Each structure stands twice: as C-alpha cells, then as structure tokens.
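For reference, the chains in residue letters:
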Amino acid sequence: MKIELKLTTDEINYLEDKCFLIQSMDFRHLDQQSKKTYTIMIDVLDKVTAKAKSLNRKIELFDQKKKSKITLKYHEGYMLEAYIQGFFQNETDPYKRNLARIIISQLNQKLA
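Residues numbered from 1 in each chain as written. Predicted model: local features only at pLDDT ≥ 70, side-chain atom pairs only at ≥ 80, totals over all residues. Heavy atoms only, no water.

### Things to note about the pairing of strand E1 (residues 2–7)
Here is step 1: Burial along E1 is one-sided: Ile-3, Leu-5 and Leu-7 are buried, while Lys-2, Glu-4 and Lys-6, pointing the other way, are not.
Here is step 2: Note: E1 against strand E2 (residues 68–73), six bridges, orientation antiparallel. Of the residues in E2, the one forming a bridge with Leu-5 is Ile-70. (Buried < 20%, exposed > 50% of the residue type's maximum accessible area, 1.4 Å probe, protein only. Helix = DSSP H or I, 4+ residues; strand = E, 2+ residues; numbered from the N terminus. Pairing = 2+ DSSP bridges.)

Set out below in structure tokens:
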C-alpha cells in the first residue's frame, strides 16, 4: 500500500532538515527498535532528498506554494509520522511547528 503526500517546497525542505539528523546516529549502538526506525528512515531520507534537490534546482518565485507529490510505502509513512511527532513536541519556532503539524495531519489522514 502506498501513500501519496502533497507537500509545498517549505514542507519538503523541513522534512529534509529533520531527516538528515538520522544520519548522525551510530547504527552499532542502537537497540533493535531504533535500528528498525533507522533503516526505514534512511529510505525516507533518500526519497525526500531527491525531491528537495529537484525542487531547489527548478524553483521559481511563482512555484513556492505549488505542491509536489512524494510517494511513500505504508510503513515509511507510519515511521515518518512518529519521527516528526518527536520533533513537533520540542519545536520552538512557530512557523516550523506549523509545518510539522501540517505534515503530521496529512500523514495521519492518509494512514487512517
């Protein structure tokens, strides 16, 4: 089962920033659950990074609010929602908090 997300450029860039933090984790020192999360999130990172690079190359002033599609597998969407919710609790910038809320609500609707 696949999930299709429609995200703005800002939302995709927010996801890319948060997903890059997963690369700093040391895989050898993780417990089993964290290793599962790590491997799934690496796949999500690849998809988000590829989409962000393609958008940033062809970005124009009028394309800022245009939504782009990212297709994830069900388990990737589930893990991404849990991962972003962890950041949502600690986010202090209201704009980034709103971006996280939008992404979480869209994932929640698609996973239901």
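### Some points on the packing of helix H1 (residues 9–20) against helix H3 (residues 74–90)
Here is step 1: At a closest axis distance of 11 Å, the pairing of H1 and H3 adopts a crossing angle of 85°. In terms of their interaxial angle, H1 and H3 are classed as roughly perpendicular. When H1 is examined against H3, the residues Tyr-14, Leu-15, Lys-18 and Cys-19 are found in contact with a partner set consisting of Leu-80, Tyr-83, Ile-84 and Phe-87.
Here is step 2: Residues that form the contact of H1 with H3 fall into these classes: seven nonpolar, no polar and one charged. (Axes fitted to C-alpha atoms, helices over the stretch in contact; angles between N-to-C directions. Parallel < 35°, antiparallel > 145°, perpendicular 65-115°, else oblique. Contact = heavy atoms within 4.5 Å. Nonpolar A, V, L, I, M, F, W, Y, C, P; charged D, E, K, R; others polar.)

### Notes on the nonpolar core
Here is step 1: Counting 30 residues, the largest nonpolar core has Leu-7, Ile-12, Leu-15, Met-41, Val-44, Leu-80 and Ile-84 as its most contacted members.
Here is step 2: At eight residues, the largest contribution of residues to this core is made by helix H2 (residues 32–57).
Here is step 3: In this view, Ile-84 contacts Tyr-14, Leu-15, Lys-18, Ala-100 and Ile-104; residues no more than four positions away in its chain are not counted. (Core = buried A, V, L, I, M, F, W, Y, C linked by side-chain atoms within 4.5 Å.)

### Looking at H2
Here is step 1: The end-to-end C-alpha distance of H2 is 38 Å, a good match for the 38 Å that 26 residues give at a rise of 1.5 Å each.
Here is step 2: Listing the buried residues of H2 in full gives Thr-37, Tyr-38, Ile-40, Met-41, Val-44, Leu-45, Val-48, Thr-49, Ala-52 and Leu-55.
Here is step 3: Buried residues belonging to H2 abut H1, E2 and H3. (Expected span 1.5 Å × (residues − 1).)

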